[in-house]
Every structure is written in structure tokens, then in C-alpha cells.
Amino acid sequence: MNTLKSLLITLSLLLLMPIFYACGGDESSERQRSEPQAEETALSEFELEHGIGPVTERIEISDDLDLAKVEKGRNIYEMKCEMCHNYQGRMVGPELGNIMDRRSPEFVMNFILNPSGMVRDHPVGQELLREYMTVMPFQNVQKDEARAIVEYLRYYYEENY
Amino acid sequence: MDNKKSNTLRGLLFGAGFIAIAAFIFTGCPSQQSMLDTRDAAQKVYVAPGEHDEYYGFFSGGYSGQLSVWGLPSARFLKVIPVFSQDPETGYGYSEETKPLLMTSYGFIPWDDSHHPHISQTNGDSDGRWIYINANNTPRIARIDLQTFETKEILELPNTGGNHASSFVTSNSEYVIGATRFSIPYEIDLDVPIDSYSDEFRGALSFIALDPETGMMEMDFQILVPPYNYDLGRAGKGPSADWVFFTTYNTEEAHTLLEVNASRNDKDYVAAINWRRAAELVRNGAGETMSAHYYHNYYEGNQGIAINDVKDQVTVLTPEDGQDFIYFMPTPKSPHGVDIDPTGEYIVAGGKLATVIPVHSFSQMIDAIENQRFEGHVENIPILDYDATIIGEVENPGLGPLHTEFDGRGYAYTSVYISSEIVKWSLDTFEVVDRIDAYYSIGHLMITAGDNVNPDARYMVGLTKTAKDRYLPTGPKQNHPAQLYDISGDRMQLLLDFPTIGEPHYAQAIRADKVAPNVKQIYEMEENDHPHALRRVADNRIERDSDVVRVYMSSTRSHFRPDNIEGIRVGDTVYIHLTNLEQEWDVVHGIAIKGANNAEILVAPGQTKTLKWEPTRTGIYPFYCTAFCSALHQEMQGYIRVSAADSNVPLTWSTGGN
């Protein structure tokens, strides 16, 4: 008798469960969580040497300086770079007078065009952030303008070193 | 004992089980109905973190003089755009660049009262380029650029007292209108007895032409009208697009205790003006040039400094017989709002003391004009026969109907102040089909694109005057509420009740995709033509001209340049021209100098702003960046040395070791 009662109770509870469940159901509890993206993808050889950003292959650099580009690059440099960089000696960021001796043109362009990506994802950028403790801001420089800044810095290096 | 307990428990469980089942069978999910309602409403206004609202809502600030911006339907507060009042958040009205915007023929006015924002229109629909808004007290209209969400221009209206029936645009933004609420003598500064009201006082209706490319305003002409109170206005659309309509009250011409003396006439008027015809008359020389005194303040090019263009003339058109451009439609009783339905046919007046909502027909009005069905004339303005123009009177609209908007599906929604409700009524039968409470005492209401030829009509916002017990109490003066309603179904449904900023009178909402894609993220440094901008870092410097000192300073994360300044003297007037060299969205820098009496300033990326500072004591003055700009924001500081007026400390400046 007791067993039968227990069975009935259990059955009735089982029958009720979906009813309560249906009433209490909440669509929003089914919201999906996106899986955290695996960010640590290995950098390519190009990226390691020339940086991460919109410049993804070697650019053509002639031995001769393009003086129009130099002038354009100088104007942008003085407007958007010089407040944080000296030619010689560190300031907010590293010195840039000899940067074209230290880094590739593509690396410099990618750093200008993608500064937050570089300090986050590139070992050299990460090291620079540790040393200078300031994230270089993006200064609304377009790709052709970054190329002109490179030309100006090549000119500066040739003139002064 | 144990067994007995156990049996009792089983009995209870059985009982509970049966009751639960029976309850379920007879009533469905317990208490589910009200739960669903709340949840349903919550889901309709829920915008997930990181997601954007579907609509921008622009709410006037009322006595704050500003314009607040909200995301709808979530009612997320987005920002306050300063317009007619100084703003300590942005430095608007404090910086030297923006002070000229608040200049008037009466001098600098730090605080006004803004009422009716209106978005520029193309083909009768809001186009999201500019938003105009009126200053009621010292009569002005401002233009706000919806690329930068900044006030770019303010035009003062001459010979106007209380610019309330403003700033509504015509359906292709040909004109923005203004009007005198308080009639005053038309001649400048005329000193006459107040009881000469009927003889000396006049109303002026203003027609301000808009440049189709820039949205810039120009006072084209004013129409001189009898000394009534011109209360609200609206432009027609579709067939009535060449017309604008103004409500009048105080056709009694009272000048004291208007609440009694201006409430005597059973009917006042809706003034109907064919603006295209009036403009033609003016082009053909019918207007008269009168002397006037008013300010037009705006930015020229990309200089970033507002200028004052002081005007001394205005063209005035006084109605004459046979000119056929202005008519009065008798309308009960002290009407407030006048609103035109999406088809352009129905002209709905909110007769705030009337027992019905009167609806005029535009086509009947044209017939009445053609057939000269006039009741009489006042100052050469024909008064149309009420029965000729009226097409419907909505019965039982509640007490004190004010403003109406439309859903484009054949229904109108009217706010009703005294009985604190919104009534929905049919434009076909002119019968009320639904009503819903407002919390409390509603003024304007607004439907998403509800004054457009093509309303979206998803949501309606009621703008109410008192919060009373609706929120946690915040003292004897509380912020004004707004309620969001879903009007997509047959019945209006209250979704949300939220406090606002200032006292929103009118508001407008526009689909976000008409505005958001055009919003600027930075001011490009290459386009900064401010005469005191720093174009190159090497140009940072200080120039002294007698006792005027100009500091050309730049800011970038995380330093000012220069940040050490010596050689300032007591008695100097120092202008700090701060150029923010950042070119990244949302990276602002501010500057505050200890003891500066004028203000602080805040500078958007790529902009130049100027702080005027007149030090009165010698000493060392720290200054710092007021906006948390970077990890090293706390390091963004500097010192200024102020020496005695007769000192010989040379003017020097530096940053770092340079």
C-alpha cells in the first residue's frame, strides 16, 4: 500500500514537473555565450619582421628619395608625431632619428597604422609598451601618409647620420 | 508516530498536487498574465549591452535651454547638447569660441528656455541633417548639426516677444518659422503705455529661409499681424506644403490677467499663411524694409570661432486687400497646438479650453477661399466661415486637448492636459477609440516620425509635467517624466516611465540609421582653420602683446606642451589656446587652472578651444587635464608662474628637457 502511494506521489510529481517547468520557462536564460576567441595565433615570419597591420607585403622602396613624399611626410610628422618623439633621445616614445636603420619601412608603417594592435599582439610592440608604458595613439594617418612619413624619416636619417 | 507523520505528509502532497493541477486546468499558469505583461514590456524596451537603439530621441530642455538626446526604446540617456545656456560639462558658452553664440542685441544671455526641436525635412520626412530649436524668452532659433551634435548657429528674431510657435520647418526645409507669442510694439524699443496695446502692439510672424546645402538661416521676411498671442505653428505637407498654420489666443487683445481676460471669446483663430505666395510678394517688392536690431551668430568655414553678424534691417509684409496669402480660421477655444496629418488634409487644433478637438479640412479651406466664404475681415485678413472649413469635431476628448501626432494608419493621438491622458481617435469617424493615462499632466506627445508624411509610428512618448510619486523622491522639485508607449497595436500600451532633463516640451524621434552613419568621430587636424590652432608641434609658443598673452598649447596623451610657463604677470589677460592633437574618437582633453574665474574648457579631438584667464595674485598655478584620458592621465599637469605686475621675469616656456 505504501509502495503504491509512493509510486502515485512520484508519478503525480513527475506529471506536474513539465507543467511548472513550462510556466517557469524563460527564453532569455537560453541566451548563448560566444566562445572566447583564440587570440594567440602564431605570427608569420613577415609579421614578426614587418609588423601587424594593413601592410602585409614588402613595398617597393627606391634608393632615391622622393622629395615630394619627403615634404608631405615632414608636414604630417610635425603635426602628428613630433609631440611624443624626439629625433635623438627618448621622450614619451622612442627616438626616431635612426628608426629607418632599426626597423623596416613596413614595420614603421604598421606601427603608425595599427598602434593598438602592435602593442597587443606583436612581441616588439609588447616590449615597447613595457618600456614606455604608454600606448601610441592612432592619429588618423592613412596608408599613403604613413608611406610619406617613412620617406621623411629615411631622408632625416640620410641627412643626419 | 513516524508512519503517521509520513501519511500526513503524503496527504498534503496529494492535496497540493490536486490543487496545483486543478488550478492549472482552470486558470492556466498561475499569475502568469501580469508577469507576462511586465516581461513583455521589458523585452520591448530591452536593448542588450553593446547594442544600439533603433531611434534617436531629441527632447527639448525647456527651462534648461538645452536639447537632450536619448536612445529609444531603451530610454538610454545619450547626451545634452548645449544650445541656449552655458554648459559646464563641455565649456559651451564659457570658451571664447562659443561665447559669441549666446550674444544677442540685449548682450550676452547665459540661460534661455528651449521648447520645440524640429528635424530638417526632405519631402515631408525628417532627413537627419540638422535640428532646429527655439529660444522662447529672448527670441532666437538655433541650428544643431547632426554630424557633430553641436550648436552651429543662432539667429535672433527681431520685433518678437516670446518665440514660442517655433522652430518648425517646411516640408523641404525651405523655411523655418517663428512668431511672437507676446505681441509688442513693432518699432524698435518703442516706449509707450501698456494700455495702448490695441493701437501700438503688433504680432510678427517670421519666415527664415534655409540654405539647402548648409542649413544656414537667413531672416527672409516677417508678416505683421494683429496683436494676438501666436502660440504654435506647423507647416503643411503634400497638398498643403505651401502653407503654414499658427494658432492664436487672446484675440480679446488683453494685456493683463490673461487667464481670465483672454478666455472670453468662444473662438480664436488658426492663421493659415501661404508662405510661397508671401515670399513671391516679397520678391516682387510688396514688403517694406524696416530698421531692426538683431544678432546672427555662426561659425565661418572651419575657423571654429563663432562670429556675431549684427543686422539692422528686416523686410516686413503687412497684409493688404487682395493679396491672398493669409486667412484666419475661427477655432474653439484658445487653441494651443496645430498639427497637420500625414496626408496634409487635416488641420487639427488643440482647443485647450474647448470641449471638442476641432479638425479643419485643407481642401475645404481652399474651397472657402475660392468661394469667398468670409465671416468678415480683421486688418485686411479674411476670416473664413467656421462651418466651411471644419470637417469634424472629436467628442469627449477629455479636458484640455493640446497636441496631436499621427500614425499614418488613420489615427491621431492627442495629449490632454487637465484630465492627464492620451486619446487615440479615428481620422475617418472622428471618434475616440482608445485612451490611456499619462503620469502626470501631459504637455506634448511625440510619435516616432509622427509629424512626417511617412510616420514610423512604432512608439509614442508622452512628455509630462510632474513626476509626483512615480520615482524615488528627490525633493520638492523633481525632474520631469516621460512615458514610452507601444502604439503598434490597436491599444496603446505603456512600456516605460523615465525621468528626463530640464522640462522637455516637444521632442522628436528619428530612425537611428538616418543619423548615425553620418556622425563624425574626430575633427580632422588638417581641416582645423582656427586662427590660433597649433598646426605643428614646433609651433607651440607664447606671444605677448602688451598685457595680452597668448599661449599656443597642445595636448596629447599624456602631456601639455608647454607645461612649464613663466613670465606671466598680474594684470595680464591670458588666452590659453589649447589644440587637442588627438585624432582618435572620443579622446578629449580638458584644462583647468587654479583660481581661473571664467571656466574650464574641454576640447574634442582635433579642435582648438580658448580659455581666458586673468590672474589676480602672484604665485604658482598648477593646471591639469580634467578628462581621464589615459593611464598616465594623473601625470598630465603643468605649472604657471605668475609674477608681480612690474616684475622682469622673462617669458619662457618648456616641456620636458627641451
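Residues numbered from 1 in each chain as written. Chains lettered and ligands numbered in written order. Predicted model: local features only at pLDDT ≥ 70, side-chain atom pairs only at ≥ 80, totals over all residues.

Chemist: Can you break down the overall build of chain B residue by residue, with the values?
Modeler: From N to C terminus, chain B includes seven helices and 45 strands. The C-alpha extent of chain B, read off along each of the three principal axes, is 105 × 85 × 40 Å. Burial statistics for chain B: of 658 residues in total, 49% are counted as buried. Contacts spanning at least 24 positions in sequence make up 61% of the contacts within chain B whose residues lie at least 6 apart. (Helix = DSSP H or I, 4+ residues; strand = E, 2+ residues; numbered from the N terminus. Buried ≥ 20, exposed ≤ 12 C-beta atoms within 10 Å, placed from the backbone. Contact = placed C-beta atoms within 7 Å.)

Chemist: Could you give me a rundown of the overall build of chain A, with the residues and numbers involved?
Modeler: Of regular secondary structure, chain A possesses eight helices and zero strands. In chain A, the succession of α and β elements from N to C terminus is α-α-α-α-α-α-α-α. In chain A, once contacts between residues fewer than 6 apart in sequence are set aside, the share between residues at least 24 apart is 74%.

Chemist: Requested: an account of helix H5 (residues 105-113) of chain A, with residues and values cited.
Modeler: Residue and element names in this part refer to chain A. Among the nine residues that make up H5, nine are buried, leaving the element largely enclosed by the rest of the structure. Every buried residue of H5 is listed here: Pro 105, Glu 106, Phe 107, Val 108, Met 109, Asn 110, Phe 111, Ile 112 and Leu 113. Packed against the buried residues of H5 are helix H2 (45-50), helix H4 (99-102), helix H6 (115-121) and helix H8 (143-160).

Chemist: Explain the environment of Pro 100 of chain B to me, and be specific about the residues and the numbers.
Modeler: All names here are of chain B. Within the fold, Pro 100 resides in the loop between strand S3 (76-81) and strand S4 (103-104). For the pair Pro 100 and Ser 546, spaced 446 residues apart in sequence, the C-alpha to C-alpha distance is 25 Å. Not counting the four nearest positions on each side in its chain, Pro 100 is found in contact with Asn 297, Ala 306, Ile 307 and Asn 308.

Chemist: Give a description of the pairing of strand S22 (residues 357-361) of chain B that names residues and reports values.
Modeler: All names here are of chain B. Along S22, four of the five residues are buried, which leaves the element largely enclosed by surrounding structure. Relative to S22, strand S21 (residues 346-351) runs antiparallel, the two being bridged by three bridges. What sits directly across from Val 348, in S22, is Val 359. Alignment of S22 against strand S25 (residues 390-394), held across four bridges, turns out to be antiparallel. Paired with Pro 358 across the two strands is Glu 393, which belongs to S25. (Pairing = 2+ DSSP bridges.)

Chemist: Could you give an account of the environment of Trp 275 of chain B, with specific residues and numbers?
Modeler: All names here are of chain B. Summarising the element assignment, Trp 275 is placed in helix H5 (residues 275-283). Note on Trp 275: 24 C-beta atoms within 10 Å, which makes it buried. Sequence separation of Trp 275 and Ala 135 is 140 residues, and the distance between their C-alpha atoms is 22 Å. Ignoring sequence-local partners within four residues, the contact set of Trp 275 consists of Thr 170, Tyr 175, Phe 207, Asp 242, Trp 243 and Val 244.

Chemist: Explain unusual backbone geometry to me, using residue names and the numbers behind them.
Modeler: Residue and element names in this part refer to chain B. Here the amide bond leading from Arg 557 into Ser 558 is cis, since omega sits at 0°, within 30 degrees of zero. Structurally, Ser 558 can be placed in the loop between strand S36 (548-556) and strand S37 (559-561). Put simply, Arg 561 and Pro 562 share a cis peptide bond, and its omega is 0°. With respect to the secondary-structure elements, Pro 562 resides in the loop between S37 and strand S38 (564-569). Although it is not a glycine, Ala 75 adopts a positive phi angle of roughly 65°. With respect to the helices and strands, Ala 75 occurs in the loop between strand S2 (67-72) and S3. The class for Ala 75 is buried, based on 21 C-beta atoms found within 10 Å. For Ser 334, which is not glycine, the phi torsion reads 50° and is therefore positive. Summarising the element assignment, Ser 334 is placed in the loop between strand S19 (326-331) and strand S20 (335-340).

Chemist: So what's going on with the confidence of the model for chain B? Which residues, and what values?
Modeler: All names here are of chain B. For chain B, per-residue confidence averages 93 on the pLDDT scale, and 94% of positions sit at 70 or higher. Between residues 1-6, whose pLDDT stays under 50, and residues either more than four places distant or in other chains, the model counts zero contacts. Both confidence scores are given for the complex: pTM 0.88, ipTM 0.76. (pLDDT = per-residue confidence, 0-100.)

Chemist: Outline the domain arrangement of chain B, listing residues and values.
Modeler: Residue and element names in this part refer to chain B. Domain assignment breaks chain B into domain 1 (55-185 + 195-518) and domain 2 (527-654). Each partner contributes to the interface: domain 1 provides eleven residues, whereas domain 2 provides 17 residues. Among the residues forming the side of domain 1 that touches domain 2, the class breakdown is two nonpolar, seven polar and two charged. (Domains from an automatic or database assignment. Nonpolar A, V, L, I, M, F, W, Y, C, P; charged D, E, K, R; others polar.)

Chemist: Give a detailed account of H5 of chain B, specifying residues and quantitative values.
Modeler: Residue and element names in this part refer to chain B. Along H5, the residues that are buried comprise Trp 275, Ala 278, Ala 279 and Leu 281. The buried residues of H5 occupy one face: seen down the axis, they fall within an arc of 155°. Opposite the buried face of H5, by more than 90 degrees, sit the exposed residues Glu 280 and Arg 283. Buried residues along H5 sit against strand S10 (175-179), strand S12 (201-210), strand S13 (217-225), strand S15 (243-249), strand S16 (268-274) and strand S18 (306-317). (Arc of directions from axis to C-beta.)

Chemist: Would you mind going over the sheet that holds S22 of chain B in detail, with residue names and values included?
Modeler: Working definition: the strands of a sheet are paired by backbone hydrogen bonds and lie parallel or antiparallel to each other. Residues and elements named next belong to chain B. Here we have four strands laid out as an open sheet, ordered S20-S21-S22-S25, and antiparallel in their pairing. Sheet topology places S20 and S25 at the edges, where each strand pairs with a single neighbour. The average undirected angle you get between the axes of adjacent strands in this sheet is 20°. Across the sheet, helix H6 (residues 362-370) is in contact with S21, S22 and S25; its angle to S22 comes to roughly 60°. (Axes fitted to C-alpha atoms, helices over the stretch in contact; angles between N-to-C directions.)

Chemist: Go over the nonpolar core, please, and point to the residues and values.
Modeler: Val 176, Phe 245, Ala 271 and Ile 273 of chain B are the most contacted members of the largest nonpolar core, which has 123 residues in total. Apart from the residues lying within four places of it in its own chain, the contact partners of Val 176 of chain B are Tyr 132, Ile 141, Ser 167, Phe 168, Val 169, Ile 208, Leu 210 and Met 217 of chain B. (Core = buried A, V, L, I, M, F, W, Y, C linked by C-beta atoms within 7 Å.)

Chemist: How would you summarise the sheet that holds strand S1 (residues 55-60) of chain B if you had to cite specific residues and measurements?
Modeler: Residues and elements named next belong to chain B. Reading across from one edge, S3-S2-S1-S34 is the order of the four strands in this open sheet, with antiparallel pairing throughout. Edge positions in the open sheet fall to S3 and strand S34 (507-511), since each of these has one partner strand only. With direction set aside, neighbouring strand axes in the sheet form an average angle of 20°. Judged from the five bridges that link them, S2 and S3 form a sheet pairing that is antiparallel. Paired with Val 69 across the two strands is Lys 79, which belongs to S3.

Chemist: Go over the packing of H5 of chain A against H8 of chain A, please, and point to the residues and values.
Modeler: The angle between the axes and the distance between the axes are what describe a pair of packed helices. Residue and element names in this part refer to chain A. H8 packs onto H5 with a crossing angle of 130° between their chain directions and a minimal axis gap of 9 Å. Relative to H8, the element H5 lies oblique. Between H5 and H8 lies a crossing whose hand is right-handed. When H5 is examined against H8, the residues Pro 105, Val 108, Met 109, Ile 112 and Leu 113 are found in contact with a partner set consisting of Lys 143, Ala 146, Arg 147, Ile 149, Val 150 and Leu 153. Here the contact of H5 with H8 is built from residues that sort into nine nonpolar, no polar and two charged. (Parallel < 35°, antiparallel > 145°, perpendicular 65-115°, else oblique. Left-handed = near helix turned anticlockwise from the far one by under 90°.)

Chemist: Provide a residue-level description of the packing of helix H3 (residues 67-80) of chain A against H8 of chain A, including the pertinent values.
Modeler: Residues and elements named next belong to chain A. For the pair H3 and H8, interaxial distance at closest approach is 7 Å and the crossing angle is 100°. Comparing the axis directions of H3 and H8 gives the class roughly perpendicular. Between H3 and H8, the residues in contact are Lys 69, Val 70, Lys 72, Gly 73, Arg 74, Ile 76 and Tyr 77 and Glu 145, Ala 148, Ile 149, Glu 151, Tyr 152 and Tyr 155, respectively. Looking at the contact of H3 with H8 residue by residue, the class counts come to seven nonpolar, one polar and five charged.

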